[in-house]
Amino acid sequence: MKAVILAAGDGERLAPITQTLPKALLPIGSESILSRQIRQLASLGVTDVTVVIGYEGHAIREHLAASNPPCNVHFVENNHYKTTSTAYSAWLAADHVRGDSFFLLDGDVVAVDAVFESFIALTGNTLLYEAKSISSPEEMKVAQDPADGHVYLSKKIATDRSLGEFVGVAVISAEANEAFFAALASHKDGYYEEAFNEIAVGHPFELQAVTENSWIEIDFVTDYLQAVRLFTETREEVAAPQVSEQVLLCPGPVMVSKKVKSALLHADIGHRETEFIEILTRCRAKLNNVYGANHEYTNVIITGSGTAANEALLSSYGPGKKLLILSNGEFGNRLLDLARCHNLNHTALEFGWTHPMDLAKIEQTIATGDYDALMMVHHETSTGMLNPINEIGALLKPYHVDFLVDAVSSIGAEALSVEKANITFCTASANKALASLPGLAFVCGKRSAFQALRDVPAHTRYLDLYRHYEFEDLHYQTPNTPAVSLFYALETALDELLEDTLEKRMQHYGHLSSLIRNRLKKLGMSFPVEEQQMSRVLTTVFYPADVDVEGFHDWVKQHNYVIYRGKGPLLGRAFQIANIGHVREEHVRAFLDLMERGFQLKQSADAVVEAAAT
Ligand code: PLP
Ligand code: MG
């Protein structure tokens, strides 16, 4: 058995959702509409599916190529999808199903498995319909001629004469195949129902009824929302959450394990109930562990991105203090931005992008006795440089200067112990080396330092760090509505890390980054940061002189790898390959092979151009 799916239309009535995505690729749970149809057809024994594509057809091709369909898939392009309709699209598929019986499906029909199962063993002409009274002129109705009993389709049938609504799924028998395509050929400017009606006399259709709510045709946003509501809570979607199809080699958000994603499907809970108190408390305890903190430390979890943690810290701790802020890249500069935003009394000590921090200069500045605190980034993500927090922490100790560290992209990947590094407060977020989802940020700090914030007037309501501390540490609650689901993902990711151990993770990340760096060097490429100063999760590399920067990014993206463009002074000169989060060795190796192939292709193309010119 074969099938033809009509998926060429631009789904105009679903705009703006369909502005970039063809309707057939809308997700229903973990699958697109199209993948769902193909899976259901394949489970009936369909071996060959022909998809008629038009609008954003390349996206459909790529989607199916990446999703490993369970049967053969062929494509036919309707290049006139803007001016033609279903008859022309269906006619284009003729060669792929000639002589066979086949299913004909609208690409916007979502149905339960049972609807398809009702087809098993049917090979005669069949139309699926739902018996109901419909008056909308938009819907395709089914009726039966009272005189000769022939079934026919039309949007124009009066309510009292229609049997119900056509589901957009039919079987054309082998015996009717030729007549059907001949009829389509004579109605190429119109709709396929004209061909159904034309052949119905010589090749009668059987009607097969489906039950209410077992299917839906997605024309409008409300249909889509209803489909999601009706069809995403079935067992298969709950058991198999979406697996990312792109390999993220960018420095966060990162890929996460299936287990972390599945954790989102927890039971609904109220955040003022014991269930939330328990998960909040467990996450905080596990985080303290990951931070390498002893009993003097505690932490708060803020719903927000990494910047929420930095802003909570600087806006709550900074007023009335004199701060020294170090920077050697974009994220150091962001700390300076925050200090400016909150009018903090601060001095910038800038070393320049890709330059290591000068410890003697730092000590000299601190020795003036002018500063209450020093803040810096541990892993400067914009360059991949790992800054020496242990040395700087030790250097500050005799001066009794507070030490504030942004460990957003180092926690979970690099040796970090707030206790050993003499850190007062340390910020981080869930979505980098902790390999969880974005949306939760942390401030770990000495309990005494949190308590000292009590008498500082709040400068923001949401990011008042003392308020977070008071709620979380004293009442086991969050001050505002937390992103409840993300706590389940975070706890799973923390468990995975603690079971795996930080040491093993560091080895794993170190191994991956060595693979990357060794291959890049073999290709003759160079780095803006000295290798011994790089973190183990990110490699910034200069583009080879003749490689088109945007073109390279887009080319690897077409192959489903996401890398990062350089920022600031590295913009257009370097790119970043991260191996952070749930990246596996096979991802890295496949990417490196692809990159090498890309450069070879480029060289051979250049050689051809050169040869042609001489
Ligand atoms: N600090 C560092 C070191 C980072 O790498 C980032 C983001 O990449 C941030 C802060 C800001 O985090 P977010 O974008 O989550 O607010
Ligand atoms: Mg439709």
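Residues numbered from 1 in each chain as written. Chains lettered and ligands numbered in written order. Predicted model: local features only at pLDDT ≥ 70, side-chain atom pairs only at ≥ 80, totals over all residues.

Asker: Even after reading the chapter, I still don't get the sheet that holds strand β23 (residues 440-446), so can you show me in this structure?
Answerer: Through backbone hydrogen bonds, the strands of a sheet pair up, either in parallel or in antiparallel fashion. In spatial order, the strands read β15-β23-β22-β21-β18-β16-β17; together these seven strands make up an open sheet with mixed pairing. Pairing within the sheet leaves two strands with one partner each, and these edge strands are β15 (297-303) and β17 (345-350). In this sheet, neighbouring strand axes are inclined to one another by 20° on average, regardless of whether the strands run parallel or antiparallel. Across three bridges, the pairing between strand β16 (residues 322-327) and strand β18 (residues 373-377) is parallel. Across the sheet, the residue bridging to Leu324 is Leu374, located in β18. Along the sheet face, helix α11 (residues 274-290) touches β15 and β23 and points at about 125° away from the line of β15. Contacts between helix α12 (residues 306-317) and the sheet are confined to β15, β21 (402-406), β22 (425-429) and β23, with β22 contributing the most and set at about 155° to the helix. (Pairing = 2+ DSSP bridges. Helix = DSSP H or I, 4+ residues; strand = E, 2+ residues; numbered from the N terminus. Axes fitted to C-alpha atoms, helices over the stretch in contact; angles between N-to-C directions. Contact = placed C-beta atoms within 7 Å.)

Asker: Please clarify how the sheet that holds strand β24 (residues 538-542) should be interpreted in this entry.
Answerer: One open sheet accounts for three strands, arranged β24-β27-β26; its pairing is antiparallel. Taken across any chain shown, the strands that pair with only one partner, and hence form the sheet edges, are β24 and β26 (564-565). Bridge analysis of β26 against strand β27 (residues 574-578) gives two bridges, and the strand direction is antiparallel. Considered in β27, the bridge of Tyr564 is made with Gln576. Here helix α19 (residues 502-522) sits on the sheet in contact with β24 and β27, set at roughly 10° to β24.

Asker: In this structure, what is going on with the pairing of β16? I would like to understand it.
Answerer: For β16, the tally of buried residues reaches five of six residues, placing the bulk of the element in the interior. The β-α-β motif built from β16, the intervening helix α13 (residues 330-341) and the parallel element β17 has right-handed crossover chirality. (Buried ≥ 20, exposed ≤ 12 C-beta atoms within 10 Å, placed from the backbone. Right-handed = clockwise from strand over helix to strand, strands pointing away.)

Asker: Would you take a moment to explain the nonpolar core for this structure?
Answerer: Note on soluble globular proteins: their nonpolar side chains tend to be buried together. Leu249 and Leu374 are the most contacted members of the largest nonpolar core, which totals 109 residues. With eight residues, the top contributor of residues to this core is helix α18 (residues 484-500). The residue makeup of this core includes at least three contributed by each of domain 2 (258-500) and domain 3 (503-613). Aside from chain neighbours lying at most four places away, what touches Leu249 is Tyr561, Val562, Ile563, Ile577, Ala578, Asn579, Val583 and Phe591. Listed in part, the 74 residues of the second largest apolar core include Ile5, Tyr88, Val169 and Phe196. (Core = buried A, V, L, I, M, F, W, Y, C linked by C-beta atoms within 7 Å. Domains from an automatic or database assignment.)

Asker: Can you walk me through α12 in this structure?
Answerer: Helical geometry: 3.6 residues make up each α-helical turn, so side chains three or four residues apart lie on a common side. Its 12 residues place the ends of α12 17 Å apart at the C-alpha level, agreeing with the 16 Å of an ideal helix rising 1.5 Å per residue. The buried fraction of α12 amounts to 11 of the 12 residues, a majority that puts the element mostly inside the structure. Taken together, the buried positions of α12 are occupied by Gly306, Ala308, Ala309, Asn310, Glu311, Ala312, Leu313, Leu314, Ser315, Ser316 and Tyr317. Residues of α12 that are buried sit in contact with β15, α13, β21, β22, β23 and α17 (465-475). (Expected span 1.5 Å × (residues − 1).)

Asker: Would you explain the packing of α12 against α13 in this entry?
Answerer: When two helices pack together, their arrangement is given by the angle between the helix axes and by the axis-to-axis distance. Interhelical geometry of α12 versus α13 gives an angle of 45° and a closest axis separation of 10 Å. With respect to their mutual orientation, α12 and α13 come out oblique. Crossing of α12 over α13 shows right-handed handedness. Here Asn310, Glu311 and Leu314 of α12 come into contact with α13, specifically with Leu335, Leu338 and Ala339. Among the residues making up the contact of α12 with α13, the classes are represented as four nonpolar, one polar and one charged. (Parallel < 35°, antiparallel > 145°, perpendicular 65-115°, else oblique. Left-handed = near helix turned anticlockwise from the far one by under 90°. Nonpolar A, V, L, I, M, F, W, Y, C, P; charged D, E, K, R; others polar.)

Asker: For this particular structure, what's the right way to read the pairing of β21?
Answerer: Two faces belong to every sheet, and in a regular strand the side chains alternate between them. A large share of β21 lies buried, amounting to five of its five residues. Here three bridges tie β21 to β22, and the two strands are oriented parallel to one another. By the bridge assignment, Asp406 is partnered in β22 with Thr427.

Asker: Explain the packing of α11 against α18 here, please?
Answerer: Two elements in contact, α11 and α18, have axes separated by 10 Å at closest approach and are oriented at 35°. Here α11 runs over α18; the crossing is left-handed. For the pair α11 and α18, contact is made by Phe276, Ile279, Leu280, Arg282, Cys283, Lys286, Leu287, Asn289 and Val290 and by Val484, Phe487, Tyr488, Leu490, Glu491, Leu494, Leu497 and Leu498, respectively. Taken together, the residues of the contact of α11 with α18 sort by class into 13 nonpolar, one polar and three charged.

Asker: Which parts of the structure should I look at to understand unusual backbone geometry?
Answerer: A negative phi holds for most residues other than glycine; trans holds for most peptide bonds. Cis geometry is found at the peptide bond from Gly252 to Pro253, where omega equals 0°. Assignment of secondary structure puts Pro253 in the loop between β14 (247-248) and α10 (258-262). If you check the backbone angles, Glu56 has positive phi at about 50° while not being a glycine. Along the chain, Glu56 falls in the loop between β4 (48-53) and α2 (57-67).

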